[in-house]
Amino acid sequence: MEKAPCTSPEDLLPVYREKVVPVADTITLNQFEAELLTRRKIHSQEEVLEVMDKLYSMGPDMVVITSSDLLSLRGTDYLMALGSQRTRTPDGSTVTQRIPREMHKVDATFIGTGDSFAAMLLAWMHKHPNNLKVACEKTLSATHHVLQRTRLHNTGC
Ligand SMILES: Nc1ncnc2c1ncn2[C@@H]1O[C@H](COP(=O)(O)OP(=O)(O)O)[C@@H](O)[C@H]1O
Ligand SMILES: Cc1ncc(COP(=O)(O)O)c(C=O)c1O
């Protein structure tokens, strides 16, 4: 999970908030990025849902928090990802599907996992256009295999 300092200049934040997010159908971001965009800190599972609601109010219909280290009920060896999709019913109300998944932390630091996650999610959403659950699960599984193999390649264990 990316932490400060940001890889993007902070003065681009208003551009993301005001120009980019409102025209996005889907956003994938980690906990830190979600906090920056919404100007809210996440300390609990309730707060992550509030932040996701705020992100929905900014425009997208699909929000995927790629990782959070606070929220796993299984302890500090786990990361949580949370896929979520909002659909409008014919009567005008909204229904939100949430897909929380926990994954075992791989003991290494990786760069580019967020980008590769987003690319794989796009590919799996194309294959499973009506099934975010399957798309998220396949993305997480493939990501985990890539990271384990990367670690094995670099450390031999
Ligand atoms: N140390 C790790 N152990 C296990 N999975 C990881 C680890 N780092 C990243 N991932 C996986 O990569 C995905 C994207 O990584 P994340 O850290 O959220 O993105 P970013 O690179 O944008 O900070 C996560 O959903 C998770 O599946
Ligand atoms: C300078 C820099 N570092 C790291 C990354 C990778 O980011 P992430 O780990 O969030 O995929 C990027 C992605 O474009 C980058 O430009």
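Structural data are supplied above this passage.
Calculation rules
Residues numbered from 1 in each chain as written. Chains lettered and ligands numbered in written order. Predicted model: local features only at pLDDT ≥ 70, side-chain atom pairs only at ≥ 80, totals over all residues. Heavy atoms only, no water. Near = heavy atom within 4 Å. Polar contact = N/O pair within 3.5 Å; in protein donor to acceptor, adjacent residues only side chain to side chain. Areas by Shrake-Rupley, 256 points an atom, 1.4 Å probe, with all protein chains shown as cover. Helix = DSSP H or I, 4+ residues; strand = E, 2+ residues; numbered from the N terminus. Nonpolar A, V, L, I, M, F, W, Y, C, P; charged D, E, K, R; others polar. Contact = heavy atoms within 4.5 Å. Buried < 20%, exposed > 50% of the residue type's maximum accessible area, 1.4 Å probe, protein only. Core = buried A, V, L, I, M, F, W, Y, C linked by side-chain atoms within 4.5 Å. Salt bridge = Lys/Arg side-chain N within 4 Å of Asp/Glu carboxyl O. Pairing = 2+ DSSP bridges.

Caption draft 1: Geometry of the site of ligand 1. Taken together, 18 residues are adjacent to ligand 1, and Asn-30, Thr-66, Ser-67, Val-106 and Thr-113 come closest. Thr-113 is positioned such that a nitrogen or oxygen atom in its side chain is 2.9 Å from an oxygen atom of ligand 1. Within the contact set of ligand 1, an oxygen atom lies 2.9 Å away from a backbone nitrogen or oxygen of Gly-114. Coverage of ligand 1 by the protein chains reaches 92% of its 550 Å² of free accessible surface. Listed by contribution, the elements that provide at least two residues to the shell around ligand 1 are strand S2 (62–68), strand S4 (94–104), helix H4 (113–127) and helix H5 (132–155). Along the lines of polarity and charge, the residues of the shell around ligand 1 split into nine nonpolar, seven polar and two charged.

Caption draft 2: Quick look at the environment of His-144. Summarising the element assignment, His-144 is placed in helix H5. Sequence separation between His-144 and Thr-26 is 118 residues, and the spatial gap between their C-alpha atoms is 22 Å. Ignoring sequence-local partners within four residues, the contact set of His-144 consists of Met-103, His-104 and Val-106.

Caption draft 3: Representation of the side chain of Thr-66 within the structure. Among the secondary structure elements, Thr-66 is positioned in strand S2. For Thr-66, a relative accessible area of 12% puts it in the buried group. Contact partners of Thr-66, with chain neighbours within four places excluded, come to Thr-28, Leu-29, Asn-30, Met-80, Ala-81, Met-103 and Phe-117.

Caption draft 4: Quick peek at the nonpolar core. With 17 residues, the main nonpolar core has Ile-27, Leu-29, Ala-34, Leu-37, Leu-55, Val-63 and Ile-65 as its most contacted residues. Of all the elements in the fold, those that place two or more residues in this core are strand S1 (26–29), helix H2 (31–38), helix H3 (45–57) and S2. With five residues, H3 is the largest single contributor of residues to this core. Setting aside chain neighbours within four positions, we find Ile-27 in contact with Val-21, Leu-55, Pro-60, Met-62, Val-63 and Val-64. Within the second largest apolar cluster, 12 residues are counted, among which are Val-64, Met-103, Leu-121 and Met-125.

Caption draft 5: Examining the pattern of salt bridges more closely. For the structure on display, the rule yields six salt bridges. A salt bridge links Arg-101 to Glu-137, with the shortest nitrogen-to-oxygen separation between them at 2.6 Å. A residue pair is termed long-range when its members are at least 10 positions apart, and Arg-101 in strand S4 and Glu-137 in helix H5 qualify at 36 residues. Notably, a salt bridge pairs Lys-133 with Glu-137, separated by 3.8 Å at the nearest N-O pair. Separated by four residues within a single helix, Lys-133 and Glu-137 lie in helix H5, roughly one turn from each other. A relative accessible area of 36% means that Lys-133 is categorised as partly exposed. Taken together, the shared-partner salt bridges in this structure form one network comprising Asp-53, Arg-86 and Arg-98.

Caption draft 6: Just the pairing of strand S3 (residues 78–88), in detail. In the sheet, S2 pairs with S3 via five bridges, with the strands oriented antiparallel. The residue of S3 that forms the bridge with Val-63 is Ser-84. Bridge count between S3 and S4: 11 bridges; the pairing is antiparallel. Of the residues in S4, the one forming a bridge with Gln-85 is Gln-97.

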